[in-house]
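Observations on the model geometry
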Amino acid sequence: MRSHLKRITVATLATIAMALTGQLLGVGAATAAPAPAAVRVLYYDASQAAEFVTAVHQGAANWNARVGNVRLERWTAGHPVDIRVYADNNWPRAYVNSLGSGTVYMGRQATVEGHNPTRIAAHELGHILGLPDRRTGVCSELMSGSSAGTSCTSAFPNAQEITKVNSLFTSGALVTAGWRQDGA
Ligand SMILES: [Zn+2]
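Residues numbered from 1 in each chain as written. Predicted model: local features only at pLDDT ≥ 70, side-chain atom pairs only at ≥ 80, totals over all residues. Heavy atoms only, no water.

What follows is about the state of the cysteines. Enumeration over the complete set of coordinates arrives at one disulfide. Across the disulfide, cysteine 139 is cross-linked to cysteine 152 (sulfur-sulfur distance 2.0 Å). Its torsion about the S-S bond being 85 degrees, the disulfide of cysteine 139 and cysteine 152 is classed as right-handed. Placement of the pair is cysteine 139 in the loop between helix H4 (117-128) and helix H5 (159-171) and cysteine 152 in the loop between H4 and H5, with a sequence separation of 13 residues. (Disulfide = S-S within 2.5 Å. Helix = DSSP H or I, 4+ residues; strand = E, 2+ residues; numbered from the N terminus.)

Here's what the structure looks like:
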């Protein structure tokens, strides 16, 4: 009899404990916060960017400091290469395969003429991130590119550019493949 009572007591306590735990955790109630949007990671390979390697890393870091839905990381073995970066003697330009995928050419013609290499790198990465050229001459815009003149060293996207890139990566927007030719 005594052991029977003990079993009942233990079972009852366990039931009460489970009920209390359920209440405390809000089990069954729709209290869970929505999962944060996944951050898309893009791997870029700057190993062929010659004297522009540092500028490319800084340009990528500037984007990472501002946008939340996509992150540019240095390529390491075992990952796909989403963005290849080269140096050559023409004007800077990018070939966009799709949103977040393409090839950047850090053309020396722009730096020969005095344009800031970090701004160039951030601008070209902006093309890969889905932004078109906007030749407005406004220095605070990254995508105004060389139209802002050689005195412009601003290498961060402005608020509109940040919003646009976050939006593109949230929706997984399609961008038109092709060249984004800068300069001249
Ligand atoms: Zn451009």
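A few words on the packing of aromatic side chains. For the structure shown, the criterion picks out three aromatic pairs. Aromatic rings pair up to connect Tyr86, Tyr95, Tyr105 and Trp179 into one cluster. The ring of tyrosine 105 is capped by arginine 93, whose NZ or CZ atom sits 4.4 Å from the centre of that ring. (Phe/Tyr/Trp six-rings, centres within 6.5 Å; stacked < 30°, edge-to-face > 60°. Lys NZ or Arg CZ within 6 Å of the ring centre and 35° of its normal.)

Think of it this way: side chains of opposite charge can pair up when their charged atoms draw near. Scanning the entire structure with this criterion turns up six salt bridges. Note that aspartate 88 and arginine 93 form a salt bridge whose closest N and O atoms lie 2.6 Å from each other. On the basis of relative accessibility, which here comes to 16%, the residue aspartate 88 falls in the buried class. Residues joined by salt bridges that share partners form a network here, namely Asp133, Arg135 and Asp182. (Salt bridge = Lys/Arg side-chain N within 4 Å of Asp/Glu carboxyl O. Buried < 20%, exposed > 50% of the residue type's maximum accessible area, 1.4 Å probe, protein only.)

So far we have only geometry, and geometry alone does not tell us how the molecule works.
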